[in-house]
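# A structural walkthrough
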There are 2 protein chains.
Amino acid sequence: MGRTSDAREKIVAAAQSLIELRGYSALGVAEICKAAGVPKGSFYYFFESKEALALAVIDEHWAGQRQAWTRVLTGDAEPLQRLRLLFEETEAGQRAGQVSCGTVSGCLFGNLTLEMSNQTEAIRARLQEIFDAQVEMVETVVAQALARREIAVSDTLEAARSVVAQLEGQVLFAKLYNSTGRLGPLWANCLALLGARDPQEVPAGL
Amino acid sequence: MGRTSDAREKIVAAAQSLIELRGYSALGVAEICKAAGVPKGSFYYFFESKEALALAVIDEHWAGQRQAWTRVLTGDAEPLQRLRLLFEETEAGQRAGQVSCGTVSGCLFGNLTLEMSNQTEAIRARLQEIFDAQVEMVETVVAQALARREIAVSDTLEAARSVVAQLEGQVLFAKLYNSTGRLGPLWANCLALLGARDPQEVPAGL
C-alpha cells in the first residue's frame, strides 16, 4: 500500500464509483478494498465502519459539487441564466457519466436518500444538510431574479425547494430511462415554477 | 406452511414491507422467509430468484396503485381537481405509512428506480412500464384540461412527465426530511407547470 493518505483517497474513490454503480447496501468492505487496491486490514485504520466511509464519500462528492454549484450560481451571468447553466452542467455531467459507465448514474445524493435515509440517521442528517445547502444556493438566485421582477413567486424558499425537487425528479427519470434527454425540460419547468412562463421570452427579455 | 397460495402471498407481502423499510439489496431470502413465516425451502418453489420476487412485489404494488390512480383520475371531478385529489391521496398515503412505520417510506417505484434500475434490466423495464402508465394516465387528464382551456401547455406528454417528475422529486424530499408537509406544494407546482398559475383562481374558475 502507498502512503496512508493515498490509501484513504483510493478507498473513498473506489467506494464512490461502486456506490454510483450499485448502491451502498450491495457493497462489502472486502470488495471496496479490492477495487481500491488496498489490503482489507487498512480499511478500519481509516474508517470505523462502512457507514463512516459512506459519509466520507458523500462529503467528498459534495465538496466537488458545491464548488461547481458555487461557480455557476454566483457567477457573472444574470440570475435566471445561472440557473439555466446549472441545468446544462447537470445534463453534461450525467452525459459524461453515461459515456464512462454505460448508464446514467443519477444523483449520488438522491440515490442515497432513497436507499439509505430511513436506515441511518447519520446519513439522513448529512444528506439533509447538503440539500439544504443546495436549496439555499438556488434561493439566493431566485431572490435576485425576484428583485429584478423577472419572476413571480410568493415564497423564495418554497420556490427554490420546488426547483431542486424538479431537478431530482427529472434526474430519477434520466436514470430510469438511461436518457439524459429527460433533463431537457428542466429549464422550461424552472421558469414555469418561478412564474416566468415563456422560456422563449425570458432569455430575450434579460 | 398454509396453502401454497397463502405462502406465496405471505412472501410477497413480507418482501414488500422489508423493501419499503430497507431497500432490495440489503435483504436476503432467509430474512424474507422468516418475516413471512414460511420455510426457506418453499421460496424457490414460487420464485426462481430474488429478482423474480422483486418483480412480483412491484406488480402487486402497482396493481393496487393503478386501481387507486384509475379511480381518482377517471372520476367525475373536473380534470384539474382530479390531479389535486391524486396529490392529496398521495400525501395521505405517505402520512399513513409514516404512522405505521415511523418514517415516510417514499414511493416504492422511485426507491427501486434509484437503487436497482442500473443493475437489472428486468426491473428497469418493469419500472419504465409503470411510470409510462402513470404518465399516460396524467396525460389524459392534462389533455382534458387543455381542451377546456384551463391550462396552457404545448406538449401534453412532456407536461405529464414533468408533473410526475415533480411528484417523485417532492416524495424524495418527504422521505429525506421524514415530513409529509413537503408534499404540500404539489398542487400549486402542478398548476405552475401546466400554465394555470394561480392556485387560488383556478379552482374558483372551474
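Keep in mind that what you see is a predicted model, and the values were worked out from it rather than measured.

What counts and what doesn't
- Residues numbered from 1 in each chain as written.
- Chains lettered and ligands numbered in written order.
- Predicted model: local features only at pLDDT ≥ 70, side-chain atom pairs only at ≥ 80, totals over all residues.
- Helix = DSSP H or I, 4+ residues; strand = E, 2+ residues; numbered from the N terminus.
- Buried ≥ 20, exposed ≤ 12 C-beta atoms within 10 Å, placed from the backbone.
- Arc of directions from axis to C-beta.
- Least-squares fit on C-alpha atoms with pLDDT ≥ 70 in both.
- Contact = placed C-beta atoms within 7 Å.
- pLDDT = per-residue confidence, 0-100.
- Expected span 1.5 Å × (residues − 1).
- Core = buried A, V, L, I, M, F, W, Y, C linked by C-beta atoms within 7 Å.
- Domains from an automatic or database assignment.
- Nonpolar A, V, L, I, M, F, W, Y, C, P; charged D, E, K, R; others polar.
- Axes fitted to C-alpha atoms, helices over the stretch in contact; angles between N-to-C directions.
- Left-handed = near helix turned anticlockwise from the far one by under 90°.

Moving on, we get to the overall build of chain A. Of the regular secondary structure elements, chain A holds ten helices and zero strands. When the helices and strands of chain A are read in sequence order from the N terminus, they spell out α-α-α-α-α-α-α-α-α-α. The C-alpha extent of chain A, read off along each of the three principal axes, is 60 × 30 × 30 Å.

So, on to helix α2 (residues 29–36) of chain A. Residue and element names in this part refer to chain A. Every buried residue belonging to α2 is among I32, C33 and A36, and all of these are buried. Within α2, the buried residues cover an arc of 95° as seen down the axis, which keeps them to one side. After α2 finishes, the residue G37 shows a positive phi value of roughly 70°.

The next point concerns the relation of the copies chain A and chain B. Mapping chain A onto chain B calls for a screw motion: a turn of 180° about the axis and a shift of 0.0 Å along it, with 0.0 Å RMSD after fitting. On this basis, the relationship between the two copies can be described by a two-fold rotation axis. Judged by C-alpha distance, A:G169 is the residue of chain A that lies nearest the rotation axis, at 2.0 Å. Looking at the interface residues of chain A, 100% of them are also at the interface in chain B, so both copies use one shared face.

All names here are of chain A. Within chain A, residue pLDDT values average 92, and 93% of them lie at 70 or more. Ranking the helices and strands of chain A by mean pLDDT puts helix α8 (residues 156–176) first, with 98, and helix α10 (residues 201–205) last, with 41. Note that residues 201–206 has pLDDT below 50 and, in this model, seven contacts with residues that lie over four places away or in other chains. In the predicted assembly, ipTM is 0.92 and pTM is 0.93.

Right, let's get into helix α5 (residues 79–101) of chain A. Residues and elements named next belong to chain A. With 23 residues, α5 extends 33 Å between its outermost C-alpha atoms, agreeing within 8% with the 33 Å of an ideal straight helix rising 1.5 Å per residue. If you check which residues of α5 are buried, you get P79, L80, R82, L83, R84, L86, F87, T90, E91 and Q94. Two residues or fewer after α5 comes G102, characterised by a positive phi angle close to 90°.

The next thing to look at is the nonpolar core. Membership of the largest hydrophobic core comes to 124 residues, with the highest contact counts inside it found for A:I11, A:L194, B:I11 and B:L194. Residue contacts for B:L194: discarding those within four places in its chain leaves B:V142, B:A145, B:I151, B:V153 and B:A159.

Right, let's get into the domain arrangement of chain A. All names here are of chain A. Each assigned domain of chain A is listed with its residue range as follows: domain 1 (1–47) and domain 2 (58–205). The straight-line distance from the C-alpha centre of domain 1 to that of domain 2 is 29 Å. Taken together, the contact between domain 1 and domain 2 spans eight residues of the former and nine residues of the latter. Here the side of domain 1 that touches domain 2 is built from residues that sort into four nonpolar, three polar and one charged.

For interface size, the figure often reported is the accessible area lost on association. Between chain A and chain B, the contact holds 38 residues from the first and 38 residues from the second. Of all the elements in the fold, those that place two or more residues in the side of chain A that touches chain B are α1 (4–22), α6 (108–116), α7 (121–147), α8 and α9 (186–193) of chain A. Residues that form the side of chain A that touches chain B fall into these classes: 13 nonpolar, 18 polar and seven charged.

For the rest of this paragraph, the subject is unusual backbone geometry. Residue and element names in this part refer to chain A. Of note, N178 is a non-glycine position whose phi angle comes to about 45°, a positive value. As for its placement among the helices and strands, N178 is situated in the loop between α8 and α9. The class for N178 is partly exposed, based on 17 C-beta atoms found within 10 Å.

Residues and elements named next belong to chain A. α9 packs onto α5 with a crossing angle of 145° between their chain directions and a minimal axis gap of 9 Å. Between α5 and α9 lies a crossing whose hand is right-handed. Facing α5, whose interface residues are L83, R84 and F87, α9 presents L186, W187 and C190. By residue class, the composition of the contact of α5 with α9 is five nonpolar, no polar and one charged.

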